[in-house]
Amino acid sequence: MYEKNGEKYYVVDAHVHIWDGRESNLKNVHGKQFIDCFYDYHRNLSPEDVVWDYDTYTYYGGDRLMKDVFDDGYADHAIFQATLLSDFYKNGFGQTEEAFGLASKHPDKLTYNHAYDPRNGEEGLEQLRRDAERMNLKGVKLYTAEWHGDSRGYKLDDPWSRRYLEECLKLGIKNIHVHKGPTIRPLDRDAFDVADIDKVATDYLDLNFVVEHVGLPRLEDFCWIATQESNVYGGLAVAMPFVHARPKYFAQIIGELLYWLGEDKILFASDYALWTPKWLVEKFVDFQIPAELPEYAPITTAQKKKILGLNAAALYDLDVPQELRLPTDAGDTSVEVAAGARA
């Protein structure tokens, strides 16, 4: 929980990782390119006093995550978003078993979302069924630009992808997080395009599609889709650090999202360990739309509370303490809800 000026904020970091980018885990030069690109984002967009050294950044482990996200970072809950990249790393980039083990040890603090690749066909479907049962999955994280043999990406509306989405429905996996953000070397920019979100969101209304990184640098395309599709949400991973590095740009991002999506469909995320949540939470609570951007309305405290945690809590059925919920009506505080979207 974060508290400032008498206001208490329930915080859900909706996008965290444990990864291994050490030299010992690299399968080829592309693994080195990927972790180096991550580190460039980290050091160029973070305040100077929170930049990590490169060796620590390549692998930090669960104890460091618990300290940075919960002890120091104000989070009440966090959600692992798995990233496989098996073509680049010997044991995968995201350390899935370590992350799942940590979530199993701390179910009150951590939710684990696994990953799948529809290009694995029937064998992958069987694996998804086993993973769903063993891991009690409520969500998955998809990486449409991931390389797979000769393939350098897929679309969510591909036939095999649709079969996996239909299986998610059967298995009760409702939250589909999809990386749709900036290019990460050596992945291809076009493989992150947001157009396929429009198609599957229309066809699978019982699934929630969380577009990670809010489609950047395709924010306008994403907003036009998300305003039409009631089951499309925006995850702020990668957008958040601009609250420090380029605050006017961040104001435009959050202003557009609030205008098009509304306050109930935006989720805070640090993308740990790309960035640590402590300074992101502090700066976001203090942030306000600058006067030179009058086309955007001021951000209210209630909106910040929804974005920082209550919206994600609603998607994942988290038990928010009564004192941290919002009243259903300004004049009636006897009945409270976690977020307006699920009132």
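Quick notes on the rules
- Residues numbered from 1 in each chain as written.
- Predicted model: local features only at pLDDT ≥ 70, side-chain atom pairs only at ≥ 80, totals over all residues.
- Heavy atoms only, no water.
- Phe/Tyr/Trp six-rings, centres within 6.5 Å; stacked < 30°, edge-to-face > 60°.
- Helix = DSSP H or I, 4+ residues; strand = E, 2+ residues; numbered from the N terminus.
- Buried < 20%, exposed > 50% of the residue type's maximum accessible area, 1.4 Å probe, protein only.
- Salt bridge = Lys/Arg side-chain N within 4 Å of Asp/Glu carboxyl O.
- Pairing = 2+ DSSP bridges.
- Arc of directions from axis to C-beta.
- Contact = heavy atoms within 4.5 Å.
- Right-handed = clockwise from strand over helix to strand, strands pointing away.
- Axes fitted to C-alpha atoms, helices over the stretch in contact; angles between N-to-C directions.
- Parallel < 35°, antiparallel > 145°, perpendicular 65-115°, else oblique.
- Left-handed = near helix turned anticlockwise from the far one by under 90°.
- Nonpolar A, V, L, I, M, F, W, Y, C, P; charged D, E, K, R; others polar.

## Quick notes on the packing of aromatic side chains
Okay, so step 1: Summed over the entire model, instances satisfying the criterion amount to 27 aromatic pairs.
Okay, so step 2: Seen from their ring centres, Phe38 and Phe93 are 5.6 Å apart, and the 85° between their planes marks the pair as edge-to-face. Of this pair, Phe38 sits in helix α1 (residues 29–45) while Phe93 sits in the loop between β4 (77–81) and α4 (96–105), and the two are 55 residues apart along the sequence. The residues Phe38 and Phe93 share a single accessibility class, namely buried.
Okay, so step 3: With 5.9 Å between their ring centres and 75° between their planes, Trp52 and Tyr272 make a pair best called edge-to-face.

## So, the pattern of salt bridges
Okay, so step 1: According to the stated counting rule, one finds 22 salt bridges in the structure shown.
Okay, so step 2: Between Asp68 and Arg64 there is a salt bridge; the shortest N-O distance is 2.7 Å. Remark: Arg64 and Asp68 occur in helix α3 (residues 61–71); sequence separation between them is four residues, near one turn of the helix.
Okay, so step 3: Among the ionic pairs, Asp188 bridges to Arg152, the shortest N-O distance being 2.8 Å. Of this pair, Asp188 sits in the loop between β7 (175–179) and α7 (195–203) while Arg152 sits in the loop between β6 (139–142) and α6 (159–171), and the two are 36 residues apart along the sequence.
Okay, so step 4: Connected through shared salt-bridge partners, Glu126, Arg129 and Glu167 make up one network.

## Overview of unusual backbone geometry
Okay, so step 1: Pro186 follows Arg185 through a cis peptide bond whose omega is 10°.
Okay, so step 2: A cis geometry characterises the amide bond from Tyr272 onward to Ala273, with omega recorded as 10°.
Okay, so step 3: Looking at where Ala273 falls in the secondary structure, it is placed in the loop between β10 (266–267) and α11 (277–286).
Okay, so step 4: In this structure, Val214 is a non-glycine residue whose phi angle is positive, near 45°.

## With respect to the sheet that holds β6
Okay, so step 1: Pairing within the open sheet is parallel, and its five strands lie in the order β6-β7-β8-β9-β10. Every other strand in the sheet has two partners, leaving β6 and β10 as the edge strands with one partner each.
Okay, so step 2: Examined bridge by bridge, β7 and strand β8 (residues 208–212) share five bridges and lie parallel to one another. Directly across from Val178, in β8, lies its bridge partner Val211.

## Topic: α7
Okay, so step 1: What α7 keeps buried is the set Asp196, Ile197, Val200 and Ala201. Projection of α7 onto a plane perpendicular to its axis shows the buried side chains occupying an angular sector of 130°, all on one side.
Okay, so step 2: Packed against the buried residues of α7 are α6, β7, β8, α8 (219–226) and β9 (232–235).

## Some thoughts on the pairing of β4
Okay, so step 1: With five of five residues buried, β4 is to be regarded as a mostly interior element.
Okay, so step 2: Every second residue of β4 is oriented toward a common face, with His77, Ile79 and Gln81 on one face and Ala78 and Phe80 on the other, all of them buried.
Okay, so step 3: Inspection of the sheet shows strand β3 (residues 12–16) paired to β4 by three bridges, in the parallel sense. Looking at the pairing, Val12 lines up with His77 of β4.
Okay, so step 4: In terms of strand pairing, β4 meets strand β5 (residues 110–113) through four bridges, oriented parallel. Bridge assignment links Gln81 to a residue of β5, and that residue is Asn113.

## Considerations on the pairing of β9
Okay, so step 1: Side-chain alternation along β9 places Val232 and Gly234 on one buried face and Tyr233 and Gly235 on a second face that is also buried.
Okay, so step 2: This β-α-β element, β8 to α8 to β9, shows right-handed connectivity.
Okay, so step 3: With two bridges joining them, β9 and β10 adopt parallel strand pairing. Within β10, the position partnered with Gly235 by the bridge is Leu267.

## Examining α4
Okay, so step 1: Along α4, the residues classified as buried are Thr96, Ala99, Phe100, Leu102 and Ala103. The arc enclosing the buried residues of α4, seen along the axis, measures out at 160°, which places them on a common side.
Okay, so step 2: Against the buried residues of α4 lie α3, β4, β5 and α5 (121–135).

## Focus on the sheet that holds β5
Okay, so step 1: Overall, parallel pairing links the three strands, which are arranged β3-β4-β5 in an open sheet. Every interior strand has two partners, whereas the edge strands, β3 and β5, have only one. Across the sheet, the mean angle from the axis of one strand to that of its neighbour is 15°, orientation sign disregarded.

## Details of the packing of α5 against α6
Okay, so step 1: Two numbers describe how α5 lies on α6: the axes approach to 11 Å, and their chain directions differ by 20°. By the criterion of interaxial angle, the relationship of α5 to α6 is roughly parallel. For the crossing formed where α5 meets α6, the hand is right-handed. Here Gly121, Glu122, Gly124, Leu125, Leu128, Arg129 and Ala132 of α5 come into contact with α6, specifically with Trp160, Arg163, Tyr164, Glu167, Cys168 and Leu171.
Okay, so step 2: Taken together, the residues that form the contact of α5 with α6 break down as seven nonpolar, two polar and four charged.

Distances and angles like these do not, on their own, reveal function.
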